[in-house]
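A closer look at the structure
If you want the building blocks of each chain, they are given just below.
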Amino acid sequence: MINRSKSGFTIVEMLMVVAVLAVLTGIVGTAASSAIRQARNRRTTALRQLVEVGIATYYAQKGWWPPKGGKLDKWSQNGVDQGDKNRAEAESRSGRQKKALPRLEDNDYDRLMSEIVSVSVKGSGAVPVMDPMGLIVAPSSAASRKTTYGQEFRDAIKKKRKHGSTLTLSEMAFGYQESSRGYFRRFHIFYNEESDSVSVDTQP
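Residues numbered from 1 in each chain as written. Predicted model: local features only at pLDDT ≥ 70, side-chain atom pairs only at ≥ 80, totals over all residues. Heavy atoms only, no water.

A look at the overall build of the protein
Stated precisely, the cut-off is as follows: Only runs of H or I of at least four residues qualify as helices and only runs of E of at least two qualify as strands under DSSP, and these elements are numbered from the N terminus. Note on exposure labels: buried denotes an accessible area under 20% of the residue type's maximum, exposed denotes more than 50%, and partly exposed covers the range between, all computed with a 1.4 Å probe on protein chains only. Any two residues whose heavy atoms approach within 4.5 Å at even a single point are treated as in contact. Computed with the Shrake-Rupley method and a 1.4 Å probe, the accessible areas treat only the protein chains shown as cover for residues.
What the protein contains, in helices and strands, is five helices and six strands. Scanning the protein from its N terminus toward the C terminus, one meets helices and strands in the order α-α-α-α-β-β-α-β-β-β-β. Across the 204 residues that make up the protein, the buried fraction comes to 33%. For the protein, the share of sequence-separated contacts (at least 6 apart) that also reach a separation of at least 24 residues comes to 59%. When the accessible area of the protein is evaluated, it comes to approximately 12,700 Å², of which 53% is carbon and sulfur surface.

Structure (structure tokens):
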């Protein structure tokens with residue numbers, strides 16, 4: 001009688017292999033997510049500094065805050081109005097802001113960003129104040145939604161040229177990707193009346 005041995009995995013062995021693979025997948029996935037969050041944070045820090053320097057450079061070149069006649073320019077010329085002071089003080093008391101500095105509203109922010117990007121990329125007559133190519137953009141109409149995804153400005157420009165997109169600079173909101181899920185967020189622009197300067201921060 002011939003004795004034939006059976007080869008292969010038992011059910012227990014298969015379950016052990018599946019369990020090990022699941023653990024490894026979880027470890028790799030967690031490490032990858034952490035790396036993506038860190039990369040987004042580093043990029044956001046660089047973009048925040050870029051925007052801050054861009055606004056200051058625009059002011060140094062033009063002698064007024066972007067856009068001319070905008071809210072920052074009004075603050076600079078006439079001082080911060082009482083409504084802005086009250087709101088800033090309320091934010092300070094609530095702990096959301098360490099300093100009672102007035103912040104630009106979304107519409108004013110979009111106008112400011114559109115202006116400094118426009119003068120930087122408008123063609124042969126451009127006097128660049130910043131390189132906006134790494135900024136994240138979204139349609140202004142959707143930028144305030146919490147789950148809007150953006151795209152890089154350089155990609156948006158390429159698509160516009162290639163596919164005839166109707167999205168213009170004035171219809172774009174410029175910002176960054178929040179770290180956890182990569183949703184689009186506008187930066188916050190604060191004005192310091194005492195030093196006549198601006199600071200740029202991320203949304204809480």
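There's more to say after this.
A few points about the pattern of salt bridges
Our working rule: Any carboxyl oxygen of Asp or Glu that lies within 4 Å of a side-chain nitrogen of Lys or Arg is treated as forming a salt bridge with it.
Across all of its chains, the model carries five salt bridges by this definition. Between Arg-111 and Asp-108 there is a salt bridge, with the nearest N and O atoms lying 3.8 Å from each other. Here Arg-111 pairs with Asp-108, and both are found in helix α4 (residues 106–121), just three residues apart, close to one helical turn. Through salt bridges with shared partners, a single network forms among Arg-43, Glu-152 and Arg-154.

A short note on the packing of aromatic side chains
What counts, and what does not: For Phe, Tyr and Trp, rings pair up if their centres lie within 6.5 Å, where Trp contributes its six-membered ring, and each pair is then called stacked (planes under 30 degrees apart), edge-to-face (over 60) or tilted (otherwise). As a reminder, the over-ring test applies to NZ of lysine and CZ of arginine, requiring each to be within 6 Å of the ring centre and within 35 degrees of the ring normal.
Taken as a whole and judged by the stated rule, the model has six aromatic pairs. Ring geometry for Tyr-59 against Trp-65: centres 3.9 Å apart, planes inclined by 10°, an arrangement best described as stacked. Accessibility expressed as a relative area gives 24% for Tyr-59, which makes it partly exposed. Counting every residue linked through ring pairs, the aromatic cluster contains Tyr-59, Trp-65, Trp-75 and Tyr-191. For Lys-68, the ring lying beneath its charged end belongs to Trp-64, and the centroid distance is 4.1 Å.

Thoughts on α4
To keep it simple, the criterion reads: Multiplying 1.5 Å by the residue count of a helix minus one yields the expected span of that helix.
Under the 1.5 Å per step criterion, the end-to-end length of α4 is 22 Å for 16 residues, consistent within 8% with the ideal 22 Å. Among the residues of α4, Asp-108, Tyr-109, Asp-110, Leu-112, Met-113, Ser-114, Ile-116, Val-117, Val-119 and Ser-120 are the ones counted as buried.

Here's the deal with the nonpolar core
To be explicit about the condition: In these notes, a set of buried Ala, Val, Leu, Ile, Met, Phe, Trp, Tyr and Cys residues joined through side-chain atoms within 4.5 Å is what counts as a nonpolar core.
Counting 30 residues, the largest nonpolar core has Val-51, Ile-55, Leu-72, Leu-135 and Ile-189 as the members making the most contacts within it. Residue assignment for this core shows that the elements contributing at least two residues are α1 (11–62), α2 (71–78), α4, α5 (153–163), β3 (172–177), β5 (188–192) and β6 (197–201). Per-element accounting of this core gives the leading share, six residues, to α4. Beyond its immediate stretch of four places on either side in the chain, Leu-135 contacts Leu-47, Val-51, Met-113, Val-117, Met-130, Gln-151, Glu-152, Phe-153, Phe-174, Gly-175 and Phe-187. Among the nonpolar cores identified, the runner-up in size contains five residues, and Ala-138, Ala-143, Ala-173 and Phe-184 belong to it.

Points about α2
For α2, the full list of buried residues reads Lys-71, Leu-72, Asp-73 and Trp-75. Note on α2: the residue one or two positions beyond its end, Gly-79, has a positive phi of about 85°.

Comments concerning the sheet that holds strand β2 (residues 151–152)
In a beta sheet, neighbouring strands pair by backbone hydrogen bonds and run either parallel or antiparallel. Cut-off, in case you're wondering: Strands were regarded as paired on the criterion that DSSP finds at least two bridges between them. Lines are fitted to the C-alpha atoms to define the axes, a helix being fitted only along its stretch in contact, and any angle between axes, read from their N-to-C directions, falls within 0 to 180 degrees.
Taken together, the four strands give an open sheet; going across it, the order is β2-β1-β3-β4, and neighbouring strands pair in antiparallel fashion. Both edges of this open sheet fall to β2 and β4 (184–186), since each of them pairs with a single strand only. Both β3 and β4 contribute to a ladder of three bridges, which runs antiparallel. Bridging across to β4, Gly-175 finds its partner in Arg-186. In the packing of α4 onto the sheet, contacts are made with β3 and β4, and the angle to β3 comes to roughly 95°.

By themselves, these figures tell us nothing about what the structure is for.
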